[in-house]
Amino acid sequence: MAILPILTAPDPRLKKKSLPVAAVDDELRRLMDDMLETMYAAPGIGLAAPQVGVLKRVIVLDIDREEVKTGPLFMANPEIVEASDDDVSYEEGCLSVPEHYSDVVRPATVRVRYLDRDGVQQEMACEGLLSTCVQHEIDHLDGILFIDHISALKRNMILRKLLKARKEKERDAAEGKPAAKPNETAPAP
Ligand code: NI
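Please read these numbers as outputs of a predicted model, since none were measured by experiment.

### Description of the packing of aromatic side chains
Logical step 1: Counted according to the given criterion, the structure contains 0 aromatic pairs.
Logical step 2: Note that R117 overlies the ring of F74, its terminal NZ or CZ placed 5.7 Å from the centroid.

This is how it looks when you write it as structure tokens:
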């Protein structure tokens, strides 16, 4: 397994629509395993393939909270087949939008259909953090980030800060300064 570099916004690859996978084969399982290891190392609770620059409809998740413990989940071609009418607001973050958080409103519960790591079709009812996380990751497959759900004013402010942080990092690297250790933050999808 390998830890893959995670793209951060603004990056045009994060805005692209990913393509469905034809089959879950050994090559795709290798990608899934690499994504899971990358997610654990970050650390995060969800990761979508476009976040590591692969435009395939694949997500991985592992949620371990008091209310829900999923263990590792691998989903190819995930799609929401049912969503509740009632919404819930949850403070989201994202490994591709490091150190920024914002409340996002989404359907409270969803039903997701996907191919598992063996290529077998599964359906899962999701609520709570799992529901939020599944919707957040599927958004990535359509080129949508959580900041696309918030006001343009707040989104542009976050994107400007991310660009500034990246430029400072590049300048420090050019001057041979050691990379600053990122702040320890809550695991983000
Ligand atoms: Ni994300």
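### Examining the sheet that holds strand β7 (residues 121–126)
Logical step 1: Pairing within the open sheet is antiparallel, and its 5 strands lie in the order β1-β2-β3-β6-β7. Sheet topology places β1 (46–48) and β7 at the edges, where each strand pairs with a single neighbour. Across this sheet, the average inter-strand angle for adjacent strands is 40°, counted without regard to direction.
Logical step 2: As paired elements, strand β6 (residues 110–115) and β7 share 6 bridges and run antiparallel to each other. Bridging from a neighbouring strand, Y114 pairs with Q122 of β7.

### Observations regarding unusual backbone geometry
Logical step 1: Geometrically, the link from A9 to P10 is a cis peptide bond, its omega value of -5° lying close to zero.
Logical step 2: Within the secondary structure, P10 is located in the segment before α1 (26–41).
Logical step 3: Omega for the bond connecting A42 with P43 falls within 30 degrees of zero, at -5°, which places this linkage in the cis form.
Logical step 4: Positive phi, close to 50°, is recorded for N77, a residue that is not glycine.
Logical step 5: Tracing the backbone shows N77 in strand β3 (residues 73–83).

Conventions we followed
What you see as residue numbers is a count from 1 along each chain, following the sequence as written. Residue-level local features of this predicted model are given only where pLDDT is at least 70; pairs of side-chain atoms are given and counted only at 80 or more, and the full residue set underlies all totals for whole chains, interfaces and linings. To obtain the side-chain values, all non-hydrogen atoms of the structure were included, while hydrogens and water were left out. A pair of Phe, Tyr and Trp rings is counted when the ring centres sit within 6.5 Å of each other, with Trp represented by its six-membered ring. The angle between the planes then sorts it: under 30 degrees is stacked, over 60 is edge-to-face, the rest tilted. Each ring is checked for a lysine NZ or an arginine CZ that lies within 6 Å of its centre and within 35 degrees of its normal; such an atom marks a charge sitting over the ring. Here the rule is simple: two strands pair whenever DSSP picks up at least two bridges between them. We count a stretch as a helix when DSSP gives it H or I for four or more residues in a row; a strand needs E for two or more, and each element gets its number in order from the N terminus. All axes here are fitted lines through C-alpha atoms, helices being fitted over the stretch that makes contact, and every angle between N-to-C directions spans 0 to 180 degrees.

By themselves these figures say nothing about function.
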